[in-house]
Amino acid sequence: MGTLLFLCNGWHFLPFLRKIALHYTNPLTIAGATFLLLAFTKLRINRGNRLIGILATASFAVYVLHCTAPFTETVYHPIVKDIYKNYSGIACPLLIFSTMCCVYLLCTLLDQARQWCWKQLTRAVPWLAGAKAE
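Within every chain, residues take consecutive numbers counted from 1 along the sequence as written. Only residues with pLDDT of at least 70 are given local features in this predicted model, and only at 80 or more are side-chain atom pairs given and counted; all residues enter the totals for whole chains, interfaces and linings. For the side-chain quantities, the full set of heavy atoms in the structure was used; hydrogens and water were omitted.

## Examining the overall build of the protein
Reasoning step 1: When helices and strands are counted, the protein shows six helices and zero strands.
Reasoning step 2: Looking at the protein residue by residue over its 134 residues, the buried ones come to 21%.
Reasoning step 3: In this analysis, two residues are considered to be in contact whenever any of their non-hydrogen atoms come within 4.5 Å of each other. For the protein, the share of sequence-separated contacts (at least 6 apart) that also reach a separation of at least 24 residues comes to 55%.
Reasoning step 4: Roughly 10300 Å² of accessible area belongs to the protein as shown, and the carbon and sulfur atoms make up 69% of that amount. To qualify as a helix, a DSSP run of H or I must reach at least 4 residues; to qualify as a strand, a run of E must reach at least 2; elements of each kind are numbered from the N terminus. The classification of residues rests on relative accessible area computed with a 1.4 Å probe and restricted to protein chains. Under 20% of the type maximum is buried, over 50% is exposed, and intermediate values are partly exposed. Accessible surface is estimated by sampling points in the Shrake-Rupley manner with a 1.4 Å probe; for residues, cover comes only from the protein chains shown.

Structure, rendered in structure tokens:
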């Protein structure tokens, strides 16, 4: 959330902070992640919840995509900059947040397709799954 506020308020005024605000080592990002971790440790969730399992598994795919420089430089940053230039007020952070949710959803769907393909491949070629050849 700190990154969203910085993008909408300080993009042009503090250009030397751009890399810090968009980096995973940003203190606001670390504080937010710590808060979420502490909040979820107190939450009691049924271990059989399939949706949480799907979203948790897809989180790694989202992380890998966001750490990929070609994606962030050629796709994500231009979209966020375009939103910042064309929208103001509450619309700016809401649209950026919506964009992030869409990216997460797309990564989740792609990860589900990847898991399905891997399952089909390991059924066809059992030694890929660690089964011993007979």
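## Examining the packing of helix H5 (residues 69-86) against helix H6 (residues 91-124)
When two helices pack together, their arrangement is captured by the angle between the axes and the distance separating the axes.
Reasoning step 1: Two numbers describe how H5 lies on H6: the axes approach to 9 Å, and their chain directions differ by 150°. What the angle tells us is that H5 and H6 run roughly antiparallel. Of the two elements, H5 crosses H6, and the hand of that crossing is right-handed. Every residue of H6 that contacts H5 at Phe71, Tyr76, Ile79, Val80, Ile83 and Tyr84 is listed here: Cys92, Leu95, Ile96, Thr99, Met100 and Val103.
Reasoning step 2: Each residue belonging to the contact of H5 with H6 can be placed in one class, and the counts come to eleven nonpolar, one polar and no charged. The angle between two axes is taken between their N-to-C directions and runs from 0 to 180 degrees, where each axis is a line fitted to C-alpha atoms and a helix contributes only its stretch in contact. Each angle is binned into one of four classes, with values under 35 degrees roughly parallel, values over 145 roughly antiparallel, values of 65 to 115 roughly perpendicular, and all other values oblique. Two helices cross in a left-handed way if the nearer one is turned anticlockwise from the farther one by less than a right angle. They cross in a right-handed way if the turn is clockwise. Side-chain classes follow a simple rule in which Ala, Val, Leu, Ile, Met, Phe, Trp, Tyr, Cys and Pro form the nonpolar group, Asp, Glu, Lys and Arg form the charged group, and the remainder, Gly included, forms the polar group.

## Observations regarding the confidence of the model for the protein
Reasoning step 1: Here the protein shows a mean pLDDT of 77. Residues at 70 or above account for 75%.
Reasoning step 2: For the protein, the element scoring lowest by mean pLDDT is helix H1 (residues 2-9), at 52; H6 scores highest, at 90. Values of pLDDT, the confidence the predictor places in each residue, fall between 0 and 100.

## Focus: the pattern of salt bridges
Reasoning step 1: Basic side-chain nitrogens of Lys or Arg form a salt bridge, by our definition, when they fall within 4 Å of a carboxyl oxygen of Asp or Glu. Going through the model one piece at a time under the given rule, you end up with one salt bridge.
Reasoning step 2: Of the charged contacts in the structure, one is a salt bridge between Asp111 and Arg114, with a shortest N-O distance of 2.9 Å. Here Asp111 and its partner Arg114 are both found in helix H6, three residues apart, which amounts to about one turn of the helix.
Reasoning step 3: Its relative accessible area of 6% is what places Asp111 among the buried residues.
Reasoning step 4: Here Arg114 falls in the partly exposed class, since its relative accessible area comes to 46%.

## Observations regarding the nonpolar core
Reasoning step 1: What we call a nonpolar core is a set of buried Ala, Val, Leu, Ile, Met, Phe, Trp, Tyr and Cys residues that are connected through their side-chain atoms within 4.5 Å. Counting residues in hydrophobic clusters, the biggest one holds ten residues: Val62, Phe71, Tyr76, Val80, Ile83, Tyr84, Cys92, Ile96, Val103 and Cys107.
Reasoning step 2: Only H5 and H6 provide two or more residues apiece to this core.
Reasoning step 3: If one sorts the elements of this core by residue count, H5 sits on top with five residues.
Reasoning step 4: Aside from chain neighbours lying at most four places away, what touches Val103 is Leu65, His66 and Phe71.

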